[in-house]
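Examining the three-dimensional arrangement
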Amino acid sequence: MEFNSKSIVWQGCGKTLEEVQLSLEEEMQNRGIERFRKSVEKSIENRQESVSLHGILLMKRTVDALSKATRNFIDEANSGKGGRKHTAAPLIMLCDTEVVSYLTLRMIMDSVSNRQKLTKTAFSIGQAIEDHIKLSIWKDADGTLFRELKQKLQKRSSSRHFRRYGLIRNCRNKIEVEESETWTKQEKIHVGVKMVELLIQSSNIIECKTISVGHRNRTIYITPTEEAIDWINKVNKEGELLNPYLMPMVVPPSDWSTPRNGGYRTHRLPLVKTHNKMLIEELYHKDIGIEYDVINALQHTCWKVNKPVLDVMLKAWEMGGTWEGIPHRDPLEIPPSPMPPELKKKDMTTEEWKVFVDWKKDATTIYDENARRRSKVIAFIRTMGLAKKYAEIPKFYFVYQNDFRGRKYTVSSFLSPQGTEYSKALLTFAEGLPIDTDEQSDWLAIHGANCYGVDKVSYDNRIAWVDEHYDDIKLSAEDPMGHRFWQEADDPWMFLAFCFEWSKFMEEGFGYVSSLPVSLDGSNNGLQHFSAMLRDPVGAKATNLGCEDVPQDIYQEVADVALKSVQESDELMAQQWLESGLIDRKLCKRPVMVVPYGGGLFSCKRYIEERMRDAFMEGKPNPWKGMDIYIPAQWMSKHVWKAIGEVVIAAREAMDWIREVVGRVSKEGYPMIWTTPSGFIVFQQYPSIKSRQIETFIDGTLVKPAYQIDDYSKIDLRRSKNGSSPNLVHSLDAAALSKTIHKCIKSEKIRDFCMVHDSYGTQAHHVPALARSLREEFVAMYENHDVLKEFQGFAKEVVEDIPDPPERKDFDIRNVLKSKYFFS
């Protein structure tokens with residue numbers, strides 16, 4: 001149902017709040033069904049059913065049997081026994097039977113709901129198998145060049161067809177191999193027909209039917225069997241019910257007291273979002289400490305839509321143009337080609353060809369940006385739609401779940417206090433509290449400066465900045481469409497919400513009832529946890545655990561080290577990087593942020609490349625015109641990675657130890673299980689997948705969807721080791737958050753929370769208590785728990801030979817109690 005200012009008078013609309021909530025949940029289910037049906041219809045229309053729910057599940061059911069049938073066929077062909085020799089056998093055996101089976105199923109599944117001509121489908125199967133064989137030969141001949149060519153094509157186009165055949169064309173021209181003869185059309189059809197025959201023999205998905213057209217023409221079609229159609233319909237009916245369009249609740253969510261009884265009234269979710277059903281059952285028998293109290297407190301936080309922000313956002317969207325913080329309404333314009341369309345490549349001069357190639361790269365970048373923009377626009381429109389829907393509701397609530405590490409997430413789609421910056425700006429607490437003291441007003445001012453981007457200076461300077469810019473803040477609130485000072489902020493919509501709040505406070509003075517969430521953010525929270533568990537003074541200083549007079553900036557520190565390293569190089573690339581002006585904290589921030597969560601040199605390069613693309617889209621000069629930017633990104637990543645190592649040495653040592661411990665446990669076939677300081681039980685159990693990864697070259701490197709079947713009786717060693725350090729740190733930041741919330745609700749009587757893992761928020765009235773509580777609970781957690789020793793102990797419960805953790809250093813953890821900028 002749609003809400004408006006008349007129907008929101010609950011007695012007037014003739015429904016209780018509970019009845020309204022049941023109507024909402026029915027709407028959630030119906031919208032989910034509609035969305036699921038549209039996705040199925042689109043996959044059928046676009047002949048991409050292999051990536052739909054029923055396509056993936058059908059492939060999972062069938063690929064093993066088809067692979068076995070293919071092996072038997074090849075074995076029989078090689079046996080030397082008498083009988084018909086099939087011309088397809090020598091060609092099929094050139095490729096791994098699992099890959100052949102996967103490619104066959106993919107080609108057929110892409111149109112399984114439609115009638116397909118046997119000859120056309122058989123040819124497509126044969127072509128796909130031959131392409132795979134060719135690309136495998138080229139990759140084996142020169143793997144480095146092959147990867148470079150593939151990366152270039154992935155950057156130049158989002159078209160699967162272009163990437164596939166562009167890769168074949170480039171490999172043929174640039175990689176020398178003793179190439180086998182191209183398959184004839186007849187040979188491709190022979191191979192495809194044989195694979196279709198084997199599929200029919202080994203499964204009950206498809207059948208061949210001969211259809212007469214007129215008196216003489218007969219065509220053989222591939223059609224799904226009745227059994228397959230019934231199964232697809234059943235799967236899709238179940239899929240419709242499993243994909244509701246989750247929305248906030250107009251009544252408080254049901255409290256959690258067991259792993260399955262909280263949240264929505266009719267749509268039941270588990271307390272922990274996991275595919276491991278055994279874990280949910282196990283939690284019934286575990287005492288998970290304070291966790292129920294904490295998640296219930298989050299669910300009882302009352303929210304409302306920030307109407308002034310919504311009004312401005314709607315006007316900005318209608319007006320169009322460029323508004324920072326929300327996606328462009330209109331696509332970026334692709335510049336016209338500098339060459340006339342009738343001019344062929346062979347007729348271009350060298351200089352003309354260079355100009356054309358440069359234009360094509362720029363045009364491709366804009367095209368890809370527009371493709372990303374479309375998905376952002378859809379998310380933005382849906383977020384605004386929900387905000388308009390709930391705008392007249394005086395209070396609403398969000399349902400929360402844990403992930404398997406204990407982190408708390410809202411389950412609602414789009415509009416969420418954990419969503420994008422514009423989504424967060426659209427929300428405020430339904431209940432305000434008075435600002436009575438200078439300390440409370442100072443925290444509101446600090447929040448505003450943080451949103452603007454003035455967050456690397458002292459608190460006094462942040463407050464002074466707000467005072468100095470009061471006129472701009474006031475004008476932004478009074479005329480946001482005309483006075484766009486707020487648009488210059490790092491988080492413009494969050495800052496606009498602050499402008500409205502600060503202007504009202506300045507008008508009314510002390511006693512003003514403020515509902516705006518005021519947030520305190522950790523300084524690279526993952527490294528803060530490593531510094532605390534290791535008592536590392538270097539990491540502690542860099543991440544503001546100590547008693548520094550000004551906030552430390554670990555991202556700038558890494559940038560400074562990287563800049564010095566580049567300045568000492570005499571390479572041309574170094575000079576180009578220095579000229580670019582891009583070696584700054586923005587370049588280094590994301591590579592540093594992900595280090596405690598398992599980020600490595602590869603992710604470092606990827607984030608540098610993304611930052612370069614963003615900078616060039618903003619109009620920054622590009623010293624590498626005509627060069628693929630992955631080359632300078634790769635060069636720079638080595639300097640940034642080296643700089644990170646110099647700043648976070650101790651954390652790297654601990655991460656290596658954690659990987660070693662989990663590796664030993666996993667080798668013995670056990671999951672890694674530990675209890676966090678809040679009492680939450682973490683089951684890290686990455687199941688083995690019933691197949692290896694294969695490269696199909698249909699869309700770059702793919703994992704076979706048909707074999708993505710989790711086998712919880714076996715452990716995936718690689719995934720377990722790679723996930724161990726991030727999962728331990730996430731479980732610790734989740735424990736710190738839980739312990740903080742628990743203290744706030746029990747000792748400080750705080751009721752409303754805006755929490756995003758390492759960002760803690762409440763009304764300005766309660767921020768002093770929140771700031772004190774989060775420091776006290778962090779210190780208590782690390783005084784009462786040697787988390788690495790405890791982690792070792794959990795591992796020793798199943799494997800005796802576990803090495804000791806790195807020795808603690810001499811940082812005094814109680815300094816956190818006096819740290820101004822630990823969370824700021």
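What you are looking at is a predicted structure, and each value in this text was computed from that prediction instead of being measured.

Here's the deal with the overall build of the protein
Of the regular secondary structure elements, the protein holds 30 helices and 16 strands. Looking at the protein alone, contacts between residues at least 24 apart form 73% of all its contacts between residues at least 6 apart. Of the accessible surface of the protein, which amounts to about 38100 Å², a share of 49% is contributed by carbon and sulfur atoms.

Considering the packing of aromatic side chains
Going through the model one piece at a time under the given rule, you end up with 30 aromatic pairs. With 5.9 Å between their ring centres and 75° between their planes, Phe396 and Phe398 make a pair best called edge-to-face. Per residue, the accessibility class of Phe396 equals that of Phe398, and both read buried. For the ring pair Trp502 and Phe505, a centre distance of 5.4 Å and an interplane angle of 50° mean the geometry is tilted. Taken together, the residues Trp502 and Phe505, both in helix α19 (residues 492-508) and three residues apart, mark about one turn of the helix. The exposure classification of Trp502 matches that of Phe505, with both residues buried. An aromatic cluster is defined as three or more aromatic residues linked by ring pairs; in this entry it consists of Tyr452, Trp465, Phe485, Phe495, Phe498, Trp502, Phe505 and Phe510. Here Arg484 stacks its cationic end above the ring of Trp323, 3.7 Å away from the centre of that ring. Positioned above the aromatic ring of Trp641 is the side chain of Arg652, whose terminal nitrogen or guanidinium carbon lies 4.1 Å from the ring centre.

Section: unusual backbone geometry
For Lys749, which is not glycine, the phi torsion reads 60° and is therefore positive. Turning to its location among the elements, Lys749 is positioned in the loop between α28 (717-746) and β15 (754-755). Positive phi, normally seen in glycine, also occurs at His757, with a value near 65°. For His757, the position within the fold is in the loop between β15 and β16 (759-762).

Concerning the nonpolar core
Core analysis: the largest hydrophobic core is formed by 175 residues, its most contacted members being Trp493, Phe495, Trp577 and Met636. Among the elements that line this core, the one with the most residues is α19, at ten residues. Apart from the residues within four sequence positions on either side, Phe495 is in contact with Gly448, Cys451, Tyr452, Trp465, Ile473, Phe485, Trp486 and Ala489.

Comments concerning helix α13 (residues 307-319)
With 13 residues, α13 extends 18 Å from end C-alpha to end C-alpha; this agrees with the ideal 18 Å at 1.5 Å per step. Within α13, the full set of buried residues consists of Val309, Leu310, Val312, Met313, Ala316 and Trp317. Take α13 and look down its axis: the buried residues cluster within an arc of 165°, on one side only. Among the exposed residues of α13, those pointing more than 90 degrees away from its buried face are Lys315, Glu318 and Met319. In the segment just after α13, Gly320 is the residue with positive phi, at about 75°.

Quick word on the environment of Ile200
Inspection of the secondary structure puts Ile200 in helix α9 (residues 185-202). When near neighbours in sequence (up to four residues on either side) are disregarded, Ile200 contacts Ile206, Glu207 and Cys208.

Some thoughts on the packing of helix α20 (residues 525-534) against helix α29 (residues 767-784)
Two elements in contact, α20 and α29, have axes whose closest approach is 9 Å; the angle formed by their N-to-C orientations is 45°. Between α20 and α29, the crossing angle belongs to the class labelled oblique. Crossing hand, α20 versus α29: right-handed. Across from Gln528, His529, Ala532 and Met533 in α20, the residues of α29 making contact are Phe778, Met781 and Tyr782. Along the lines of polarity and charge, the residues of the contact of α20 with α29 split into five nonpolar, two polar and no charged.

Considering the sheet that holds β16
Read across the sheet, three strands follow the order β10-β16-β15 without closing on themselves; strand pairing throughout is antiparallel. With partners counted over all chains shown, the strands left at the sheet margins are β10 (518-521) and β15, one partner each. Sheet topology places β15 next to β16; two bridges connect them, and they run antiparallel. In the strand pairing of β16, Cys754 is matched with Gly761. Against the sheet, α28 contacts β15 and β16, and its axis sits at roughly 20° relative to β16.

Some points on the confidence of the model for the protein
Scored by pLDDT, the protein has a mean of 83; 83% of the residues are at 70 or more. Predicted confidence is poor over residues 155-165, with pLDDT under 50, and the contacts of this stretch with residues over four places away or in other chains come to 31 contacts. Between residues 691-708, whose pLDDT stays under 50, and residues either more than four places distant or in other chains, the model counts 54 contacts.

Details of the side chain of Lys605
Topologically, Lys605 is positioned in helix α25 (residues 601-617). Excluding its chain neighbours within four sequence positions, the residues that come into contact with Lys605 are Tyr630, Ala633, Gln634 and Ser637.

Details of the pattern of salt bridges
Two side chains that carry opposite charge are able to pair once their charged atoms sit near each other. Counting across every chain of the model gives 27 salt bridges. In this structure, Lys424 and Glu421 form a salt bridge, with 3.3 Å as the shortest nitrogen-oxygen distance. Taken together, the residues span about one helical turn, with Lys424 and Glu421 both in helix α15 (residues 421-425) at a distance of three residues. Residue classification places Glu421 among the partly exposed positions, given a relative accessible area of 33%. Between Arg664 and Glu660 there is a salt bridge whose closest N-O contact spans 2.6 Å.

Digging into helix α18 (residues 470-478)
Structural remark: α-helix, 3.6 residues per turn; residues separated by three or four positions point the same way. All buried positions along α18 are accounted for by Tyr470, Ile473, Ser476 and Ala477. Seen from one end, α18 has its buried residues packed into an arc of 125°, which puts them on one side. Opposite its buried face, α18 presents the exposed residues Asp471 and Glu478, each directed more than 90 degrees away. Buried positions along α18 lie against α17 (459-468) and α19.

What counts and how
- Residues numbered from 1 in each chain as written.
- Predicted model: local features only at pLDDT ≥ 70, side-chain atom pairs only at ≥ 80, totals over all residues.
- Heavy atoms only, no water.
- Helix = DSSP H or I, 4+ residues; strand = E, 2+ residues; numbered from the N terminus.
- Contact = heavy atoms within 4.5 Å.
- Areas by Shrake-Rupley, 256 points an atom, 1.4 Å probe, with all protein chains shown as cover.
- Phe/Tyr/Trp six-rings, centres within 6.5 Å; stacked < 30°, edge-to-face > 60°.
- Buried < 20%, exposed > 50% of the residue type's maximum accessible area, 1.4 Å probe, protein only.
- Lys NZ or Arg CZ within 6 Å of the ring centre and 35° of its normal.
- Core = buried A, V, L, I, M, F, W, Y, C linked by side-chain atoms within 4.5 Å.
- Expected span 1.5 Å × (residues − 1).
- Arc of directions from axis to C-beta.
- Axes fitted to C-alpha atoms, helices over the stretch in contact; angles between N-to-C directions.
- Parallel < 35°, antiparallel > 145°, perpendicular 65-115°, else oblique.
- Left-handed = near helix turned anticlockwise from the far one by under 90°.
- Nonpolar A, V, L, I, M, F, W, Y, C, P; charged D, E, K, R; others polar.
- Pairing = 2+ DSSP bridges.
- pLDDT = per-residue confidence, 0-100.
- Salt bridge = Lys/Arg side-chain N within 4 Å of Asp/Glu carboxyl O.

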